[in-house]
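Okay, here's what each chain looks like letter by letter:
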Amino acid sequence: MKIIMLGAPGAGKGTQAKKLAAKYNIPHISTGDIFRANIKEGTELGKKAKVYMDQGLLVPDELVVDLIMDRFKQPDCVNGYVLDGFPRTIPQAKALDEALTKNNDAIEYAIDVDVPDEEIVNRMSGRRACVACGATYHLVTIPTKVEGICDVCGKELILRDDDKPETVLKRLKVYHEQTQPLIDYYREKGILRSVDGTNDPTTTFNNIVKIVEAE
Ligand code: AP5
Ligand code: MG
């Protein structure tokens, strides 16, 4: 099963991708998580990516594409994957198509998690993330059992540097300009499916499962 999660920053791509990965036993590949792990470890890639991420801008395509092509070579990708945050531009989508076509392979679904911009800004200010295991929470809607501590791995949670309100607005602008065109791109390929991301996470997940199990 090969799935792409589309949607604005904060739409719930990560939340849903993790659930899909667990249910279908495929890896959850989040380019944002990979960059944040590299920033935390102080790698060269992390240093380069941080400059863009902190401003709410996209990391240049060539850095992302090389990274993801390497990730696909890992043995856990043999039965598929759920991509979260990649592709994010038309050139990235084309690079992905090219790589898959070479192997006679293709993405089955691009699932757009649809949430209006107003709700996005509310969600982001309450988000808390675990850099150790990638789990995400929300102070109000998805609280942890112990405040500030990850339920999954017990490490401390952070407020992401790019979740400040002014950076969120910039990320939304970049999303509309550079990533939203992918919705038409995948619609034309006949693999776009949309879900209402304003429902609670469980309802949204059940709707996604219906899509991937329907055909
Ligand atoms: P990335 O980490 O991918 O960030 P993003 O797309 O901005 O998306 P988020 O992770 O912020 O949101 P999400 O949709 O995963 O939502 P979540 O599930 O956490 O990328 C960060 C940066 O890295 C980019 O800005 C860019 O610079 C760079 N980058 C990454 N990939 C790149 C690429 N391919 N090319 C170039 N640059 C790249 O949910 C949000 C919050 O809402 C959480 O608190 C959650 O608990 C809560 N929530 C989730 N679902 C619900 C619900 N149904 N109801 C209520 N609350 C909910
Ligand atoms: Mg995410």
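Now for a description of the structure that goes with this document. (Residues numbered from 1 in each chain as written. Chains lettered and ligands numbered in written order. Predicted model: local features only at pLDDT ≥ 70, side-chain atom pairs only at ≥ 80, totals over all residues. Heavy atoms only, no water.)

Describing helix 1 (residues 13-24)
Put simply, the rule is: Numbering of helices and strands runs from the N terminus; a helix is a DSSP stretch of H or I covering at least four residues, while a strand is a stretch of E covering at least two. To estimate how far a helix should extend, the number of its residues minus one is multiplied by 1.5 Å. Between buried and exposed lies partly exposed: a residue is buried under 20% and exposed over 50% of the maximum accessible area for its type, with that area taken using a 1.4 Å probe on protein chains only. Comment: arc refers to directions from the helix axis out to C-beta atoms. A contact between two residues is defined here by any heavy atoms of the two lying within 4.5 Å.
With 12 residues, helix 1 should reach 16 Å at 1.5 Å per residue; the first-to-last C-alpha distance of 16 Å fits that figure. Among all positions in helix 1, only Lys13, Gly14, Gln16, Ala17, Leu20 and Ala21 are buried. Within helix 1, the buried residues cover an arc of 160 degrees as seen down the axis, which keeps them to one side. Among the structural elements, strand 1 (2-7), strand 2 (28-30), strand 3 (81-84) and helix 9 (201-214) are those in contact with the buried residues of helix 1. Following helix 1 by one or two positions, asparagine 25 adopts a phi angle in the positive range, close to 55 degrees.

A word on the pairing of strand 3
The line we're drawing: By this definition, two strands are paired if DSSP reports at least two bridges between them.
Burial along strand 3 is two-sided: the residues Tyr81 and Leu83 and Val82 and Asp84 are all buried. Inspection of the sheet shows strand 1 paired to strand 3 by four bridges, in the parallel sense. When the bridges of strand 3 are listed, isoleucine 3 appears paired with valine 82.

Observations regarding the site of ligand 1
Short version of the rule: Any residue with at least one heavy atom within 4 Å of a molecule or strand is counted as near it. Side-chain atoms alone can form a polar contact between residues adjacent in sequence; in general such a contact is a pair of N or O atoms within 3.5 Å, and within protein one must be able to donate a hydrogen while the other accepts it. Exposure was quantified through the Shrake-Rupley algorithm and a 1.4 Å probe, taking into account, for residues, occlusion by the shown protein chains and nothing else. In this classification, Asp, Glu, Lys and Arg are treated as charged, Ala, Val, Leu, Ile, Met, Phe, Trp, Tyr, Cys and Pro as nonpolar, and every other residue, Gly included, as polar.
Neighbouring ligand 1 are 36 residues; Thr15, Leu57, Arg88, Arg127 and Arg171 lie closest to it. One nitrogen or oxygen atom from the main chain of glycine 10 is found 2.8 Å from an oxygen atom belonging to ligand 1. Alanine 11 is positioned with one of its backbone polar atoms (N or O) 3.3 Å from an oxygen atom of ligand 1. Relative to its free-state accessible area of 1000 Å², ligand 1 is covered by the protein chains to the extent of 97%. Those elements that place two or more of their residues in the shell around ligand 1 are helix 1, helix 2 (31-41), helix 6 (117-126) and strand 6 (136-138). Per-class residue counts for the shell around ligand 1 are 14 nonpolar, 13 polar and nine charged.

Thoughts on the layout of surface pockets
Here is the rule: With a 1 Å grid spanning the protein atoms alone, the term cavity applies to any set of points in which a 1.4 Å probe fits but cannot get out, the term pocket to an open set with protein on both sides within 12 Å along at least five of seven lines, and the term lining residue to any residue with an atom within 4 Å of a point. Grid points are joined across faces, edges and corners, and a volume is the space filled by probe spheres set on the points.
Put simply, the second largest pocket is a space of about 270 Å³. What lines the second largest pocket is a set of 15 residues, and nearest its centre among them are Arg36, Ile39, Val131, Ile158 and Asp161. When residues of the lining of the second largest pocket are traced back to their parent elements, those giving at least two are helix 2 and helix 3 (44-53). By residue number, the principal contributor to the lining of the second largest pocket is helix 2, which donates three residues.

Here's the deal with helix 7 (residues 165-179)
The first and last C-alpha atoms of helix 7 sit 20 Å apart over 15 residues, in line with the 21 Å expected at 1.5 Å per residue. Among the structural elements, strand 1, helix 3, strand 4 (109-114), helix 6, strand 5 (127-129) and helix 8 (181-189) are those in contact with the buried residues of helix 7.

A few points about the environment of tyrosine 137
Looking at the secondary structure, you find tyrosine 137 in strand 6. What makes tyrosine 137 buried here is its relative accessible area of 10%. Counting along the chain gives 127 residues from tyrosine 137 to glycine 10, while the straight-line C-alpha distance between them is 11 Å. Reaching out from tyrosine 137, the side chain makes a polar contact with the backbone nitrogen of aspartate 151 at a distance of 3.0 Å.

A look at the nonpolar core
Worth spelling out the cut-off: The nonpolar core is taken to be a set of buried Ala, Val, Leu, Ile, Met, Phe, Trp, Tyr and Cys residues, with the residues joined through side-chain atoms within 4.5 Å.
In terms of nonpolar packing, the biggest core is built from 51 residues, with Met5, Leu83, Leu96 and Tyr186 touching the most fellow members. For leucine 96, the contacting residues outside a window of four places in its chain are Ile4, Met69, Phe72, Leu83, Phe86, Pro87, Ile107 and Tyr186. Formed by five residues, the second largest nonpolar core is a distinct cluster that contains Cys130, Ala135, Tyr137 and Leu157.

Considering the packing of aromatic side chains
Using the following cut-off: Between 30 and 60 degrees the pair is tilted, below 30 it is stacked and above 60 it is edge-to-face, where a pair is any two Phe, Tyr or Trp rings, Trp via its six-membered ring, whose centres lie within 6.5 Å. Charges are assigned to positions over rings by a cutoff of 6 Å between ring centre and Lys NZ or Arg CZ, combined with an angular limit of 35 degrees from the ring normal.
Scanning all chains against the criterion turns up two aromatic pairs. Here the aromatic rings of phenylalanine 72 and tyrosine 81 are separated by 4.5 Å at their centres, their planes lie at 10 degrees, and the arrangement is stacked. Of the two residues, phenylalanine 72 and tyrosine 81, both sit in the buried class. Consider the rings of tyrosine 185 and tyrosine 186, whose centres lie 5.0 Å apart with planes at 85 degrees: the pair is edge-to-face. Accessibility expressed as a relative area gives 17% for tyrosine 185, which makes it buried. Positioned above the aromatic ring of phenylalanine 205 is the side chain of lysine 19, whose terminal nitrogen or guanidinium carbon lies 5.7 Å from the ring centre.

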